[in-house]
Amino acid sequence: MNQGKYNFIFFYLITLLLFFSCHKKEKTYIETIAVNDVQLPKAKPGDWRYSRDEKFQTFDDFQKLKKIKPEPGKNTIYLQPIGEFNELQKKEIELTREYLSKYFQLQTKVLPVLSNTIFPKAARRIFKDGQEQILAGYVLDSILIKREPKDAVVFMGITEKDLYPRPEWNYVFGIASYQDGVGVTSMYRFANGGLADSNFNESLERLIKVSSHEIGHMFGLNHCLNANCVMNGTNTLPETDFHFARACSLCQQKLNSSIQYVPKKRLEDLKHFFEKQHLNSELSRAEQDLQLLK
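Calculation notes
Residues numbered from 1 in each chain as written. Predicted model: local features only at pLDDT ≥ 70, side-chain atom pairs only at ≥ 80, totals over all residues. Heavy atoms only, no water. 1 Å grid on protein atoms, 1.4 Å probe; cavity = no way out; pocket = protein on both sides within 12 Å on 5 of 7 lines; lining within 4 Å. Points joined across faces, edges and corners; volume = space filled by probe spheres on them. Helix = DSSP H or I, 4+ residues; strand = E, 2+ residues; numbered from the N terminus. Nonpolar A, V, L, I, M, F, W, Y, C, P; charged D, E, K, R; others polar. Pairing = 2+ DSSP bridges. Axes fitted to C-alpha atoms, helices over the stretch in contact; angles between N-to-C directions. Contact = heavy atoms within 4.5 Å. Parallel < 35°, antiparallel > 145°, perpendicular 65-115°, else oblique. Left-handed = near helix turned anticlockwise from the far one by under 90°. Buried < 20%, exposed > 50% of the residue type's maximum accessible area, 1.4 Å probe, protein only.

### Re the layout of surface pockets
Its boundaries defined by the atoms lining it, the largest pocket holds a volume of some 590 Å³. The wall of the largest pocket is formed by 28 residues, among which Trp 48, Val 172, Gly 174, Glu 214 and Thr 234 lie closest to the centre. Contributing elements (two or more residues each) for the lining of the largest pocket: strand S7 (174–177) and helix H6 (200–218). Considering every element that reaches the lining of the largest pocket, the biggest residue donor is H6, with 5 residues. Considered class by class, the residues forming the lining of the largest pocket number 13 nonpolar, 11 polar and 4 charged. The calculated volume of the second largest pocket comes to roughly 260 Å³.

Below is the structure:
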């Protein structure tokens, strides 16, 4: 081979090397929005994380997990109201339906209300505050599983009664089954004793957080230890209020690997919902994420 040919190949290789070294790899959506993740503070007594040694669920852990995914003919989220609801509570359920359809980018429907008479005496107890509570496991195993629509990917009950998971627990905001794709959320504690126009948004924000959290569990997401996130575990209403409705970048990566939605469209849909409902903190977070995509 002559010297000119050597020089040409050398020049070509150097040019390629310079091109690839200077040309930055375009960031993915998840890498882009990760800068808006907010680190969790150190857990303090009373916090969910303080007394629990939960394992960090990596993306690889999530991928290896056998989990529920939407598929043709089985891709609708259903909400089953159970109880006696006033007009404000009915409005809150309808807005939760709208929110979940945007959050998960899946069709979401509300079924006709079931009466509290569906709960037998064995599934009820009177709590120390004098209020009646319902055994959460009964709702999952004896009501929802038996009534799950054929095209449901997940089935979420919403009740105005307080819930308890087992005799030694005081109450629970919600509970879900990974394997069966059913869960239940209680509205009881979200309005601090009574839903009114003055506390409607506070109650709504709690309901959309807990509902999306429980459905996230049904799709295989563990409690989040990565950042302030809707998938963080919570013991109390102040802890629920502290955690964002926003899913962190890692939890979004997991969710989007199972539900093939367009991330930017999802963000825009959520932004419009928060804007319409005047949920200003969450609106700001959605706008910050969208700003990074411009």
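Having seen it, we continue.
### Description of the sheet that holds strand S1 (residues 76–82)
An order of S2-S1-S5-S8-S7 is seen for the 5 strands of this open sheet, with the pairing classed as mixed. Each edge of the open sheet is held by one strand with a lone partner, namely strand S2 (108–110) and S7. Geometrically, the sheet is characterised by an average inter-axis angle of 15° between neighbouring strands, direction not taken into account. As paired elements, strand S5 (residues 152–159) and strand S8 (residues 182–186) share 5 bridges and run parallel to each other. Residue Thr 159 lies in a different strand from S8, and its bridge partner there is Ser 186. Sheet strands in contact with helix H4 (residues 87–103) are S1, S2 and S5, and its direction is about 165° off that of S2. Each of S1, S5, S7 and S8 is contacted by helix H5 (residues 136–147), which is oriented at about 130° to S8, the strand it contacts most.

### Quick look at empty space enclosed by the protein
Following the criterion strictly, the structure yields 2 cavities of 30 Å³ or more and no others. Reported here for the largest cavity is a volume of approximately 110 Å³. Lining the largest cavity are 14 residues, and of these Arg 246, Ala 247, Arg 266, Leu 267 and Leu 270 lie nearest its centre. Of the pockets and cavities examined, the second largest cavity occupies roughly 40 Å³. Lining the second largest cavity, in full, are Phe 56, Gln 57, Asn 222, His 223, Cys 224, Leu 225, Asn 226, Leu 250 and Lys 254. The residue inventory of the lining of the second largest cavity, partitioned by class, reads 4 nonpolar, 4 polar and 1 charged.

### Focus: the sheet that holds strand S4 (residues 132–135)
Strand order in the open sheet made by the 3 strands is S3-S4-S6, with mixed pairing throughout. Of all strands in the sheet, those with a lone pairing partner are strand S3 (124–126) and strand S6 (162–164), marking the two edges. Sheet twist, expressed as the mean angle between neighbouring strand axes with direction ignored, is 40°. Packing against the sheet, H5 makes contact with S4 and S6, and its axis sits at approximately 45° to S4.

### Notes on the packing of H4 against H6
When two helices pack together, their arrangement is captured by the angle between the axes and the distance separating the axes. Contact geometry of H4 with H6 gives a least axis separation of 10 Å together with a crossing angle of 45°. It follows from the interaxial angle that H4 and H6 lie oblique. For H4 against H6, the interelement crossing comes out right-handed. On H6, the residues that touch Leu 88, Lys 91, Glu 92, Leu 95, Thr 96, Tyr 99, Leu 100 and Tyr 103 of H4 are Phe 200, Ser 203, Leu 204, Leu 207, Ile 208, Ser 211, Ser 212 and Ile 215.

### Some points on the environment of Lys 265
By secondary structure assignment, the location of Lys 265 is in helix H9 (residues 263–277). By relative accessible area, which is 41% here, Lys 265 ends up partly exposed. As for Lys 265 and Leu 290, which are separated by 25 residues in sequence, their C-alpha atoms are 9.8 Å apart.

### Concerning the pairing of S5
Of all 8 residues that make up S5, 8 are buried, and the element is covered over most of its length. Bridge count between S1 and S5: 7 bridges; the pairing is parallel. Paired with Leu 79 across the strands is Met 156, a residue of S5.

### Section: the environment of Asp 289
Relative to the helices and strands, Asp 289 is located in helix H10 (residues 280–292). C-alpha of Asp 289 to C-alpha of Asp 180: the two residues are 109 residues apart in sequence and 33 Å apart in space. If we skip the residues at most four places from it in the chain, Asp 289 touches Ile 33, Asn 36, Arg 246 and Leu 267.

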